[in-house]
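Working through the structure, step by step
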Amino acid sequence: MAATTTTAASINAGGGGGGGGEDRVLATAQQIVKSLNTPKEVREDMLLIFSSFDNRLSNIKTAMTNQEEDQNDALVARLEAAESVIHRWDGGNDSSRHSSSSSGNYRSSSFSLSFDESPEEATEFLSAVDEIISLLEDLSSENKPDMVDRADSALQMAMSQLEDEFRRILIRNTVPLDAERLYGSMRRVSLSFADGDVVEDFENFGLVADGDGSGSRRRLFHERGGSIGCDLWVDLINPTAVEDLKEIAERMIRAGYEKECVQVYSTVRRDALDECLMILGVEKLSIEEVQKIDWKSMDEKMKKWIQAVKITVRVLLVGEKKICDEIFSSSESSKEVCFNETTKSCVMQMLNFGEAVAIGRRSSEKLFRILDMYDALANVLQTLEVMVTDCFVCNETKGVLEALGDAARGTFVEFENNVRNETSKRPTTNGEVHPMIRYVMNYMKLIVDYAVTLNSLLENDELNGLSGDDSTEEMSPLAKRILGLITSLESNLEEKSKLYEDGGLQHVFMMNNIYYIVQKVKDSELGKLLGDDWVRKRRGQIRQYATGYLRASWSRVLSALRDESMGGSSSGSPSYGQRSNNSSKMALKERFRGFNASFEELYRLQTAWKVPDPQLREELRISISEKVIPAYRAFFGRNRSQLEGGRHAGKYIKYTPDDLESYLPDLFEGTQLVIHHPRRKS
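Think of each chain on its own: its residues are numbered from 1, step by step along the sequence as written. Local features in this predicted model are restricted to residues whose pLDDT is 70 or higher, and side-chain atom pairs enter the listing and the counts only when it is 80 or higher, whereas totals over whole chains, interfaces and linings include all residues. Hydrogens and water are ignored here; the side-chain numbers use all heavy atoms of the structure.

Worth spelling out the cut-off: UniProt positions are given in the numbering used here, feature names are shortened, and annotations may be inferred rather than shown by experiment.
Going by what an unreviewed UniProt entry lists, the protein chain is known as Exocyst subunit Exo70 family protein and is assigned to Arabidopsis thaliana x Arabidopsis arenosa. Listed in UniProt under the heading Sequence similarities (unreviewed entry), the comment for the protein chain reads: "Belongs to the EXO70 family." The protein chain has a UniProt comment under Function (unreviewed entry) that states "Component of the exocyst complex."

The structure is reproduced here in structure tokens:
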């Protein structure tokens, strides 16, 4: 009551004068009543109170009623104008709808004419929506429930139409993924087992043999996926449609239909991203289905997954984020929710396959693909975390990455155990490089390419089978493991060499295999890991094996050339001259006969032996020549005169020193030969 009295006093202060003063008083009173924003009944009571203070206010009720009616008429006019546009685009009555449909121009809940072909009509509709939203804002302070209901109904109808048009524009303007162009833009990096090695699959290493299961010979090859350049991008939605989508999204968000707009967008784009995954070769498979896939098919799926992860995160999701931010620029919350909802299904589908691989059966052949998968996911994790704010998705991604790391580490350990436990009793028939050595060394050459990843994964693992000392303390975790593997290989080779009865073949076998290991280390990144000292020591071992071979194979042959083999002293001793000439010749014949037989037997055996490396093979022949030919030449020169001219001299003196030397190039070629008729070197 005190406030009313104060107001009345204020009105009285403006009194006096003629009609102009009265108008000012009326206007002031109207403004005061209106600003109080009270119900109509309360306003009428207040006007009665004002009129009791001043007779000039007796007409205020009539004036304000007229003004309200004018304002109401203006609001109704605005509402009806907006409604007419919205109803027109709703398709009209059933008869007009049928008529329009028959003529091919039916536009039921569709803006194909306005947004795609008639931007002026689209602008008109959006303006009508803006008017409805503005009316509702104006009516929020008015007690006009009927008009609010009409406006709400019109807005709801408009939102339904905009929602349909939003969906239609999204679907119609989705750009199909051109996977070929993407793959063509990626730099491909391939790694194969060097120098075209053909190696035999090993049943102990989990490889699947072809044919009868006895093992197949094939070229081992590993191809790593290409990397993606920073400038690689694709249009996910036709750029010309983005502005229309943005205009619609802004109206729906202002009208309180943010949830519906986000739902439409995320549903359409989620399906589009799922389609992209299908194009990239990532299928929706359960863990059980993945476990049943054969290795050849699995290898292809893993390769496609690796490429898909790179493309999906670096290209598709980055592009999707950009579009979301542009279309929903008027609402920060919509940007975030929309992107998370749109991409969650796509990311989870990829993670499901990664998890299935991580928990699958471990075998050596899978290591490189698993490492590729680990690297691919690790390289996009930071980009994914920046874009995706859904903690569940981010945590799942980290979990799958950790599981792939565990799988890679476990598979590597499985490989180590297979090497240590390989106890096959099938030696190579000719002493050449054992298939296990070929496989393991080529495998380790590829392992080195993943040194950074494996060093991080193996850093905290306990090292088995290799004692720590000063020489290994500074080595990386991977280098220590490789050194341990090669040490196991060498021990394994020693055991396998014992399967040969021939001592010479044992040494040739060890020499071949250690030489092969050294060459693989020296000609690859393995050399940097193991160091020059390691290489020098193994070369020393090769020389020792060569010396052991000469001693084991040629000592018996050379023993026939020594004068002591006749049981007496040298031909220059006094006792020698006292022997009978016949006895001396008989002993000499036996020495020649023994030498011939030993040489021919060695020739028959050792032409079948195999020394695959040309340089090693030639060096071994030179060692034989340096040891045997001078000894035979001396023996031949000392004794040939005693038998030449006698009966059947050619039966005993079958070879000249030059003849023997001409046979040495036949050794170690892997094809058994027999001397039937000694060839004479002219």
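Once you've had a look at it, read on.
**Quick look at the overall build of the protein chain**
Basically, it comes down to this: Secondary structure elements follow DSSP: runs of H or I of four or more residues count as helices, runs of E of two or more count as strands, with numbering from the N terminus. Buried means the residue's accessible area, taken with a 1.4 Å probe over protein chains only, is under 20% of the maximum for its type, while exposed means over 50%, and partly exposed covers the values in between. Contacts are assigned to residue pairs that have any heavy atoms within 4.5 Å of one another. What sets the accessible areas is the Shrake-Rupley method with a 1.4 Å probe; for residues, cover comes only from the shown protein chains.
Check the secondary structure of the protein chain and you find 28 helices and four strands. By the burial criterion, 46% of the 682 residues in the protein chain qualify as buried. In the protein chain, 79% of the contacts between residues at least 6 apart in sequence involve partners at least 24 apart. By element, 48% of the accessible surface of the protein chain is carried by carbon and sulfur atoms, the whole surface being about 33,700 Å².

**Brief notes about the state of the cysteines**
Formally: Disulfides are defined in this document as cysteine sulfur pairs within 2.5 Å.
One pass over the full model with this rule turns up zero disulfides. Looking at the unpaired Cys261, the closest cysteine sulfur is the one in Cys338, lying at 7.4 Å. Residue class for Cys261 comes out buried when judged on its relative accessible area of 0%.

**Let's talk about the packing of aromatic side chains**
To be explicit about the condition: Between the rings of Phe, Tyr and Trp (Trp by its six-membered ring), a pair exists once the centres lie within 6.5 Å; its type follows the angle of the planes, with under 30 degrees stacked, over 60 edge-to-face, and the other angles tilted. Placement of a positive charge over a ring is assigned whenever Lys NZ or Arg CZ falls within 6 Å of the ring centre and within 35 degrees of the normal to the ring plane.
This model, assessed by the stated rule, comprises 21 aromatic pairs. Each ring, one from Tyr603 and one from Tyr663, has its centre 5.3 Å from the other, and the planes form 80°; the classification is edge-to-face. Here Tyr603, found in helix 25 (residues 581-606), pairs with Tyr663, found in helix 28 (residues 657-663); they are 60 residues apart in sequence, far enough to count as distant. Residues Tyr603 and Tyr663 agree in their burial class; the two are buried. Ring geometry for Tyr655 and Tyr663: centres 5.9 Å apart, planes at 90°, overall edge-to-face. One exposure class covers both Tyr655 and Tyr663, and it is buried. Clustering of aromatic rings is evident, with ring pairs tying together Trp554, Phe595, Phe599, Tyr603, Tyr632, Phe636, Tyr655 and Tyr663. We note Lys321 situated over the ring of Phe339; from NZ or CZ to the ring centre the distance is 5.4 Å.

**Side note on the environment of Ser456**
The line we're drawing: The term polar contact refers here to a pair of N or O atoms within 3.5 Å; inside protein, the definition further demands a hydrogen-donor-capable atom paired with an acceptor-capable atom, and it admits residues adjacent in sequence only when both atoms are side-chain atoms.
Of note, Ser456 is situated in helix 18 (residues 451-458). You can call Ser456 partly exposed: its relative accessible area is 43%. For Ser456, the side chain forms a polar contact with the main-chain oxygen of Thr453, separated by 2.6 Å.

**Remarks on the nonpolar core**
Worth spelling out the cut-off: Note on terminology: a nonpolar core comprises buried Ala, Val, Leu, Ile, Met, Phe, Trp, Tyr and Cys residues joined through side-chain atoms within 4.5 Å.
If you look at the biggest cluster of nonpolar residues, it comprises 176 residues, and the most contacted ones within it are Phe166 and Met444. Of all the elements, helix 13 (residues 295-327) adds the most residues to this core, at 14 residues. Beyond its immediate chain neighbours, meaning those up to four positions away, Met444 contacts Phe415, Ile482, Leu485, Ile486, Leu489 and Leu526.

**Details of the pattern of salt bridges**
Applied cut-off: For this analysis, a salt bridge means a side-chain nitrogen from Lys or Arg found within 4 Å of a carboxyl oxygen belonging to Asp or Glu.
Tallying each qualifying case throughout the model produces 31 salt bridges. Residue Arg251 pairs with Asp130 through a salt bridge whose shortest N-O separation is 2.9 Å. In this pair, Arg251 is assigned in helix 10 (residues 239-254) and Asp130 in helix 7 (residues 119-139), connecting sequence segments 121 residues apart.

**A look at helix 17 (residues 435-447)**
Which entries qualify depends on this criterion: The length a helix should cover is 1.5 Å for every residue beyond the first.
Helix length check: helix 17, at 13 residues, gives a terminal C-alpha distance of 18 Å against a target of 18 Å (1.5 Å per residue), a fit within 8%. Burial of helix 17 is extensive: 13 of the 13 residues sit out of reach of the surface.

**Looking at the packing of helix 17 against helix 20 (residues 477-497)**
To be explicit about the condition: All axes here are fitted lines through C-alpha atoms, helices being fitted over the stretch that makes contact, and every angle between N-to-C directions spans 0 to 180 degrees. Roughly parallel means an angle under 35 degrees; roughly antiparallel means over 145; roughly perpendicular covers 65 to 115; every other angle is labelled oblique. Note on residue classes: Ala, Val, Leu, Ile, Met, Phe, Trp, Tyr, Cys and Pro are nonpolar, Asp, Glu, Lys and Arg are charged, and everything else, Gly too, is polar.
Remark: helix 17 packs on helix 20, axes separated minimally by 12 Å, with the N-to-C direction vectors making an angle of 175°. By the angle between their axes, helix 17 is roughly antiparallel relative to helix 20. Along the contact surface, helix 17 presents Met436, Ile437, Val440, Met441, Met444 and Ile447, while helix 20 presents Leu478, Ile482, Leu485, Ile486, Leu489, Asn492 and Leu493. Per-class residue counts for the contact of helix 17 with helix 20 are 12 nonpolar, one polar and no charged.

**Describing helix 13**
Rules: Axes are fitted to the seven residues ending at a residue and to the seven starting at it; the angle between these axes is taken as the bend at that residue.
With 33 residues, helix 13 extends 44 Å from end C-alpha to end C-alpha; this agrees with the ideal 48 Å at 1.5 Å per step. Remark: the principal bend of helix 13, roughly 40°, maps to Thr312.

**Regarding the confidence of the model for the protein chain**
Using the following cut-off: Confidence of the predictor at the level of single residues is captured by pLDDT, which takes values from 0 to 100.
Confidence along the protein chain averages 79 in pLDDT terms, with 71% of residues attaining 70 or more. Counting contacts from residues 1-18, a segment whose pLDDT is below 50, to residues more than four positions away or on other chains yields 17 contacts. Counted against residues more than four places away or in other chains, residues 567-579, with its pLDDT under 50, gives 11 contacts.

**Description of unusual backbone geometry**
Even without a glycine there, the phi angle at Phe668 is positive, about 65°. Mapping Phe668 onto the fold places it in the segment after helix 28.

**Quick notes on the side chain of Ser334**
Positionally, Ser334 belongs in helix 14 (residues 332-358). On the basis of relative accessibility, which here comes to 1%, the residue Ser334 falls in the buried class. For Ser334, the side chain forms a polar contact with the side chain of Ser331, separated by 2.9 Å. Once residues within four sequence positions are removed from consideration, Ser334 is found in contact with Ile253, Glu258, Val262 and Phe328.

**Comments concerning the environment of Phe636**
With respect to the helices, strands and loops of the structure, Phe636 is situated in helix 26 (residues 614-643). Distance in space between the C-alpha atoms of Phe636 and Ile653 is 8.4 Å, their sequence separation being 17 residues. Dropping the residues within four chain positions of it, Phe636 is found in contact with Phe592, Ile653, Tyr655, Thr656 and Pro657.

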